[in-house]
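Residue-level structure breakdown
Spelled out, the chains give:
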Amino acid sequence: MSPPTKDRRHLIRIRNLFSRVPLLGWLLGAPIAVTLEHLLGNQLALALGLSKIPVLFGSVIMLKKPVLIPGAVLYVVLIYVLPIGVFARLSAPLTNRLAARLFSLPMWFSVTIHLGLLYAALHFWSGISAYRVITLKLTLIAIMVTLSLNVINGYMGEFSCSHPGFMALGAYGASAFTVALFVNDKLFGPALLPAALGPFMFPVGLIMGGVVAALGALAIAIPSFKTRGDYLAIVSLAFMFIVKSLIENLEVVGGARGLSSQPDLANLPTVFLWTVACIWIINNFVRSTLGKALNAVRDEEMAANAMTVNTRRTKITAFLFGAFWAGVAGGLFAHVLRYVNPGTFGIQKLAEVLAMVYFGGLNSVYGSIVGALSLSLLGEALRPLEMLKWIIIPLLLILLMIFRPTGLIAFKEFDVRRMMKPKGEPRERSTSSAGEEA
Amino acid sequence: MALLRVENMSHNFGGLRAVNDYNLEIEPGQVRGLIGPNGAGKTTIFDIISGIYRPTEGNIILDGKPIVGLQPHQIAARGLGRTFQNLRLWRHMTVLEHVKMANYSKISYGLVGAFFGTSKRHREEAEIEKKSHSLLTRLDIGNLADQVVTSLPYGAQRRVELARALATEPKILFLDEPTAGMNPEELIQMMEVIRQIHDELGIAIFLIEHRMKIVMELCEIVQALVFGEVIAEGTPQEIQNDPKVIDAYLGTEAVH
C-alpha cells in the first residue's frame, strides 16, 4: 500500500481519536445535542442569519438559498458535530466501562437500552417540527422496504420489480381493515369498534396487510421459480402494473381517487418499533443457515440442491417473506400519510426502492439502512429541483455502479453484539481496521 | 443387497442418445470407477442418478427405494453425496458456511427459529458448527474455516467441495474427476484423502476419472464408457488390457 497522503493522514488521526468511543457513547451524545438544539437552536439560527432551525441539517435550504449554506453548515457543526464529538470523546472511558457492564448482562437488556437512547434522540430531534416527524417516519418505512427488497434482490440474487405492488397490497389491506373497524366512512359504513381499541388492533391490520402482499407474491412465485433467469423480473413488473390498475378500477376502495381517512395510528414510536422488528427478524433470518441457503441458491443453485437444500421452497419462502415486510411497510405508509392512491405505487416508487437497495449495497442489512437513509435525505435535499431530481439520482447510481458495482456496504454482516461491544485499545483497533480495508 | 442399483437406464437429449442401457450395482463400502473419453456421458450418468435429469427409461434404486423422479435435494438427503467436475462452490461464503449448509436437511428449528433466533436454533447451529469444524480438521483444512472460498488455492477448494459433500453424511459418494486440474503433489494428497475417507467412514465411492493411475490405485471394479454405452467392466487390470478400451482411448490406428 502506498503511504497515506496528507488528507488521509488527517482522516486517520481523526478516526484514531474516536476509535475508543463505543456505540453507547454516541447514543448518549445524541440526546445531548438534541437538547441543546431545543434550548439554543432558535437563537443560534437567528444569529447565523438563518430564519429558523435548519430542518434536515440544512439539506433542504441548500438548493433554494445557497447563500445560507455557510450558516447552515456552521449550525450543524455547533449543534450536532461538536457537542456529540466532544462528549463522546471525553466520556469514552466512562461509557466503555458502562458498555462493558451492559455487555455482561443479557443481550436483550442491553439492546433495549441502546434502542431506548436512539429513540429518545430521534423523538426529541423530530419534536422541533412536523416536517421532521413525517420525514423520519417515511425514512424508517423506506428502510423496511429497502431491506425487504434486499432479501430478494441481494441475498437471493433474483431481480424482482414488484415491491411497489406489494406495498400497495399492504397499504390497501391494512387501510381497509382499520377504516372499516374504526372510522365512520362512506365506503365501509359506520365504525364497528370504539376508536380506543385502535392501537391494539393496528398490528393485526398491518400483519393482515403483510399477509395480503405475501399472497400476491405467491401468485408470482409459483410460475416464476421453476427456472432461473429473467422471468421473475418480467412477471413481477407485470404484477406491479396489474395491482395498480386493479386498485384504480376497484370502486370499493375508492378507485383512482384513492382511499383516505385512515385513523391516526402510525405515530413515531409505532413506526420505530415496527422498523426495529423488521430489521431484527430479517437479520436473524439471513444469518441462520436456513437464510444462508439463499446465498447458496444465488451463487450455485445446482450445488445447493445437491447439498440437500430445497431450493424451490427456499426461494418461495424468501420471496413471500420479502413481500410480507413490504406489505407491512405499505400499511404503515398509508397510515402515516392517512391517504393512499394507486398512483403512488408505480414505476417511480420502484426506481426509488431499487436505487436505495443498489446504492446501499447488496446482501447487507447495513447497506439497506445506509441506502434508505442517504437517498431519503438526498431526495428531500433535491426536492426543489423537481423532475431534475430524477436525473441526478440515476446519474449517481450509474457512477456508483461503475466504481462500486455491489453498492456502498455490500456483503457485510450486521452483528448487533459486536456493535455494542466496548472498544479496546486504540492501537489494536486501528491495525484491525486497516486489515479489513486491505 | 446392493446399496445402489441402476437398471437399464437410458437417457436422450432430444434425438441424441446420451446414455444407453446402463447398468450398475454398488455394494456398501465399495469403490467403483467410471472411465471413458471426453463426451462419453460420464457426468450425464452422475447427473441422472443424482436427480438433475430424469432418465428416459430405467430404474434407480438407492438403499432399497426407487429414486427416479425425486428432486436432487431429496436424493442427497437419502444418502447420495456428490462433488462437481468444475467446482461449484458458493463464492461469497466461507469454508465453514459451506459445510454448515450441507446440513440443511437435518435442521429442525424451522422458520420460527430462523426469524426469532430461538434458543433451539442457537443450540442446533452450535451443534452443526462443532460437527463441521471436526470434519474440516479431518480433511486438514480446519485452519481455513473462516476464509471465503474464492481466496483459497485450487487444491484447498477441491477439499472444501469434498468436505461439503461429506457433511451431507452420504452412504455413497459420487466424485466427478476429483483430481482434475491438480498438480502431481496435490494429486497424491487428494488420493490419500479419498482413501482415508473410505477407510475411516466406510462409505461407498463412485468415481469418474480420466487418469488410469488413480483408478488403478483406488477402484475395485471399473466400467469403461464410450458414447453412452458400457463397453467393458472388470478389475482395473482387466480394463487396462481390454482391446476395446484401448481402441476407444487410443484409436484403432495406434493398436496396429
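Residues numbered from 1 in each chain as written. Chains lettered and ligands numbered in written order. Predicted model: local features only at pLDDT ≥ 70, side-chain atom pairs only at ≥ 80, totals over all residues.

Observations concerning the overall build of chain A
A count of helices and strands for chain A gives 19 helices and two strands. Taken over C-alpha atoms, the radius of gyration comes to 23 Å for chain A, in line with the 22 Å a tight globule of 438 residues would show. Overall, the C-alpha framework of chain A stretches about 60 × 55 × 45 Å when taken along its three principal axes. Going through the 438 residues of chain A one by one, you find that 42% of them count as buried. Contacts in chain A between residues far apart in sequence, at least 24 positions, make up 80% of those at least 6 positions apart. (Helix = DSSP H or I, 4+ residues; strand = E, 2+ residues; numbered from the N terminus. Rg over C-alpha atoms; globule rule 2.2 N^0.38 Å. Buried ≥ 20, exposed ≤ 12 C-beta atoms within 10 Å, placed from the backbone. Contact = placed C-beta atoms within 7 Å.)

Focus: the interface of chain B and chain A
Taken residue by residue, the interface counts 32 residues in chain B and 24 residues in chain A. Elements with a minimum of two residues in the side of chain B that touches chain A: helix H2 (72–77), helix H3 (95–101), helix H4 (110–116) and helix H5 (119–138) of chain B. Counted by class, the side of chain B that touches chain A contains 17 nonpolar, seven polar and eight charged residues. (Nonpolar A, V, L, I, M, F, W, Y, C, P; charged D, E, K, R; others polar.)

Observations concerning the packing of helix H9 (residues 198–224) of chain A against helix H10 (residues 231–248) of chain A
The axes of two packed helices give the description: the angle between them and the distance between them. Residue and element names in this part refer to chain A. Close contact between H9 and H10 brings their axes to 10 Å; oriented N to C, the two are set at 150 degrees. As the angle between them shows, H9 and H10 are arranged roughly antiparallel. At the point where H9 passes H10, the crossing takes the right-handed sense. On H10, the residues touching Gly216, Ile220, Pro223 and Ser224 of H9 are Tyr231, Leu232, Val235, Ser236, Phe239 and Val243. Its residues assigned to classes, the contact of H9 with H10 comprises seven nonpolar, three polar and no charged. (Axes fitted to C-alpha atoms, helices over the stretch in contact; angles between N-to-C directions. Parallel < 35°, antiparallel > 145°, perpendicular 65-115°, else oblique. Left-handed = near helix turned anticlockwise from the far one by under 90°.)

What about the packing of helix H6 (residues 154–167) of chain B against helix H7 (residues 184–201) of chain B?
All names here are of chain B. Two elements in contact, H6 and H7, have axes separated by 11 Å at closest approach and are oriented at 15 degrees. Viewed along their axes, H6 and H7 adopt a mutual orientation that is roughly parallel. Judged by the sense of rotation from one axis to the other, the crossing of H6 with H7 is right-handed. Here Gly155, Arg158, Arg159, Leu162 and Leu166 of H6 come into contact with H7, specifically with Glu186, Gln189, Met190, Val193 and Ile197. Residues that form the contact of H6 with H7 fall into these classes: five nonpolar, two polar and three charged.

Let's talk about the sheet that holds strand E1 (residues 4–13) of chain B
Residue and element names in this part refer to chain B. The four strands are arranged E2-E1-E4-E5 in an open sheet whose pairing can be described as antiparallel. The open sheet has two free edges, formed respectively by strand E2 (16–26) and strand E5 (65–66), since each of these has just one partner strand. Pairing of strand E4 (residues 57–62) with E5, which is carried by two bridges, proceeds in the antiparallel orientation. The residue of E5 that forms the bridge with Ile61 is Pro66. (Pairing = 2+ DSSP bridges.)

Some points on the nonpolar core
In this structure, A:Ile141, A:Met144, A:Ala329 and A:Leu332 are the most contacted members of the largest nonpolar core, which totals 182 residues. Tallying contributions element by element places helix H14 (residues 311–337) of chain A first for this core, with 14 residues. (Core = buried A, V, L, I, M, F, W, Y, C linked by C-beta atoms within 7 Å.)

A word on the environment of A:Pro194
Within the element layout of this structure, A:Pro194 appears in the loop between helix H8 (163–182) and H9. When the C-alpha positions of A:Pro194 and A:Tyr339 are compared, they lie 21 Å apart, and in sequence the two are 145 residues distant.

Quick word on H6(B)
All names here are of chain B. With 14 residues, H6 should cover 20 Å at 1.5 Å per step; its first-to-last C-alpha distance of 20 Å lies within 8% of that length. Of the residues making up H6, those classed as buried are Arg158, Arg159, Val160, Glu161, Leu162, Ala163, Arg164, Ala165, Leu166 and Ala167. Among the structural elements, strand E6 (80–82), H3, H5, strand E7 (172–176) and H7 are those in contact with the buried residues of H6. (Expected span 1.5 Å × (residues − 1).)

Some words on the confidence of the model for chain A
As a general rule, the predicted coordinates of low-pLDDT regions are not to be interpreted in detail. Residue and element names in this part refer to chain A. Scored by pLDDT, chain A comes out at a mean of 88, with 95% of its residues at no less than 70. Put simply, helix H19 (residues 426–437) is where chain A has its lowest mean pLDDT, 40, and helix H11 (residues 268–287) is where it has its highest, 96. Long-range and interchain partners of residues 426–438, a stretch whose pLDDT sits below 50, account for nine contacts in this model, where long-range means more than four residues apart. (pLDDT = per-residue confidence, 0-100.)

As for helix H1 (residues 42–49) of chain B
All names here are of chain B. Of all eight residues making up H1, seven are buried, and the element is well covered by its neighbours. Every buried residue of H1 is listed here: Lys42, Thr44, Ile45, Phe46, Asp47, Ile48 and Ile49. A positive backbone phi angle near 95 degrees is found at Gly51, which sits one or two residues after H1.

Things to note about unusual backbone geometry
Residue and element names in this part refer to chain A. Located in the positive-phi region is Ser261, a residue other than glycine, with phi close to 65 degrees. With respect to the helices, strands and loops of the structure, Ser261 is situated in the loop between strand E1 (259–260) and H11. The phi torsion at Arg338 lies on the positive side, around 55 degrees, for a residue other than glycine. Along the chain, the position of Arg338 falls in the loop between H14 and strand E2 (339–340).

Some thoughts on the sheet that holds strand E3 (residues 31–35) of chain B
Residue and element names in this part refer to chain B. The sheet built from six strands is open, its strands ordered E6-E7-E8-E3-E9-E10 with mixed pairing. For this open sheet the edge positions go to E6 and strand E10 (229–234), each flanked by a neighbour on one side alone. The average angle at which neighbouring strand axes cross in this sheet is 20 degrees, direction not considered. Where E6 and E7 come together, three bridges link them in parallel fashion. Across the sheet, the residue bridging to Leu80 is Ile172, located in E7.

Quick notes on the pairing of strand E9 (residues 221–226) of chain B
Regular strands have side chains that alternate between both faces of the sheet. All names here are of chain B. In the sheet, E3 pairs with E9 via four bridges, with the strands oriented parallel. Bridge pairing links Gly33 to Val222 in E9. Of the strand pairs in this sheet, E9 and E10 are connected by five bridges, and their pairing is antiparallel. Bridge assignment links Val226 to a residue of E10, and that residue is Glu229. Hairpin connection from E9 to E10: two residues lie between these consecutive antiparallel strands, with Phe227 at a positive phi of about 45 degrees.

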